Each structure stands twice: as C-alpha cells, then as structure tokens.
Amino acid sequence: MLFGLFQTELRHDHGSRLLGTSTNVDNSRKALNRSLKGMQAVTKGEYEPFNYIDGTPGGPKKWGSLSPDWKICPEGKFQSPINIDVLGAHDTPSDLKRAYKDALAELVNGYNNIVVEWPGDAGGIEVNGSTYKLIQCHWHTPSEHTINGKKFDAELHLVHENDMGQKAVIGTLQTVGEPDPFIASLTEKLKMVGENEEIDLGNISASSIRYGSKKNYRYSGSFTTPPCKEGVIWTIADKVRSVSQDQIKLIKELHRRGFQENARPVQSLRGRQVWKFELPEEKEYTHS
Ligand SMILES: [Zn+2]
C-alpha cells in the first residue's frame, strides 16, 4: 500500500478543489504546488527518497535506515505484504460490508505511484462494526501479496480510513488476460496525466471495480511503503482478476524510475494468524 508522508501532506488542499472547475491554469498551479511541496519535504528531511531497486541505498532492505521514523520497516512485527498460505488460514465469520457510491475523483501522478483519489464522500466499507471511508486506490506491479508463494502481475489497493485515522485496505490480485474494465475506463486520462500532475475524473464509484470474491483473507499488517506504519486491517480477495498486458505497460510507464516494479518483498509473519472468511455472492457490476 502506498500512503506515505508525502501523500498525506498533499491531501490538505483537497477540500477547496471541489468548488471550482479545473482549468489548464489551475492544473499548472496544482502541479507546481505539488512539486514545491515535494521539494520542501525533502529539504526539511521529512522524508528521504526510497525505491524498489534491491542493492541500492534506497532499496527495500534499506528503508529503515533512510529516516528515524522508518525504523519500523525492518523492525516491526506486523509488516506487509505477506505470503498467504491458504492451508494455514483459519476460518473467521465475515465482517466485511462494502457500500461505495458515486463521488468526484482525481487522478494523481504523485511521487511514486498513480493514484485515484476521492476527496469527498465516496462511501466505503464496514469492518467489524467500524466504518472506513474510501480515500484512494492505486496499483502495484507486480503484486505485493503472494498466495502459496505465487506472485501475480499486478495488485490493486483500495485504501479506507475510519474516524480515528486507522486504515483498512482491500487488495485484489491481477494476472495478465482480458483488460480490466476499471483501468479501461481511465485509459484516456492515464495517457494524459503528466509527472506531478492531477486530472479531474468526474464522478466515479468504486463499485465499478470488479471484486465479487466469495473467499477472502484477513490479517493485521502495515503500509507497504515507508513509513511502514502498522495497524492496517488487510483484506485480500482470493479471486484473481485479469488485466491486459497493455494496461500493465501503461501503468508501469507512468511510474518513474525506481518505481516501475513497485512491489515490496513479502515480510515475515512473525507469528501472525491469517484468517479466511466468505462473503455472500455479490452481483457483479459490468461496464456498458
Ligand atoms: Zn499499495
């Protein structure tokens, strides 16, 4: 999951953007503001560059040494992603309810990922009686989680947050095949968005993202990017979805150097239990 300091900081001015219609001038200003904020963050030492290239000073094994706030990356006991051993997962009653709705969304080409953000009320999920609002979704190529040791071509993360700031993420694994309808609906905008830019997407409901997995896995983990903060409730769908090679290529090309392969290696379970639960069959949403 990607939701680091940088992105958190960028969210502060979202409210005001809902009021006006975007123009090219507005977009340029947004891009500039974004760059400036990024530079300030670096200058203040609030975050240091990290990447996914093993053996480099910013690679995954070094994240803990890049900032005093990131020590939990190597030292934490609840780190993500993990390998899911299907036979080792124990049954638990279903506690997940999904209720997304149409809301204005933005495509953000940020520091290290392509993100669809919902600054307003886009609905969300209920986990164990607590409500988590949908904030954003983004992709990892290849997948971060593995099932029985198998890695997939991509993984979509839907990030939710409750009133106390706790996160719940739903991950969907994807393998090369038929195009993914959600990415297909964004293709035109994905081709338009430049580095450090954002584009208004109009109203989008996350219910248009294919899910409908009867079997699901649950465990307690962390952000998969620095600062690797723990306390994240993870749900991984067992049903693997398809994505076309062209769509993977499109997303990878938008990720900058060091982030084309943006999957953190799997982390040790350190005694954690992985749970499995079943959801009632959902009616699949289809794009017309
Ligand atoms: Zn992610």
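If you're wondering where the values come from, they're calculated on a predicted model, not measured in any experiment.

## Some thoughts on the overall build of the chain
Okay, step 1: Broken down by element type, the chain carries seven helices and 15 strands.
Okay, step 2: Counting every position in the chain, which comprises 288 residues, the buried fraction comes to 38%.
Okay, step 3: A fraction of 70% describes how many contacts in the chain between residues 6 or more apart in sequence connect residues 24 or more apart.

## Focus on the nonpolar core
Okay, step 1: In this structure, Leu134, Cys137, Leu158, Val169, Ala206 and Trp234 are the most contacted members of the largest nonpolar core, which totals 49 residues.
Okay, step 2: Elements supplying a minimum of two residues to this core: β4 (103-109), β5 (114-117), β7 (130-140), β9 (154-161), β10 (167-176), α6 (181-192), β12 (215-222) and β13 (230-237).

## Focus on the confidence of the model for the chain
Okay, step 1: Averaged over every residue, the pLDDT of the chain is 84; residues scoring 70 or more account for 80%.
Okay, step 2: Low pLDDT, under 50, characterises residues 3-47; the predicted model gives this stretch 39 contacts beyond four residues in sequence or across chains.

## Quick word on unusual backbone geometry
Okay, step 1: That bond from Ser80 to Pro81 is cis: its omega, 0°, falls within 30 degrees of zero.
Okay, step 2: Topologically, Pro81 is positioned in the loop between α5 (72-75) and β1 (83-84).
Okay, step 3: Despite not being glycine, Asn148 has its phi angle at roughly 50°, a positive value.
Okay, step 4: As for its placement among the helices and strands, Asn148 is situated in the loop between β8 (146-147) and β9.
Okay, step 5: Of note in the backbone geometry, Asn196 takes a positive phi value of approximately 60° without being a glycine.
Okay, step 6: Among the structural elements, Asn196 can be located in the loop between α6 and β11 (198-204).

Reading the values: the criteria
Residues numbered from 1 in each chain as written. Predicted model: local features only at pLDDT ≥ 70, side-chain atom pairs only at ≥ 80, totals over all residues. Helix = DSSP H or I, 4+ residues; strand = E, 2+ residues; numbered from the N terminus. Buried ≥ 20, exposed ≤ 12 C-beta atoms within 10 Å, placed from the backbone. Contact = placed C-beta atoms within 7 Å. Core = buried A, V, L, I, M, F, W, Y, C linked by C-beta atoms within 7 Å. pLDDT = per-residue confidence, 0-100.

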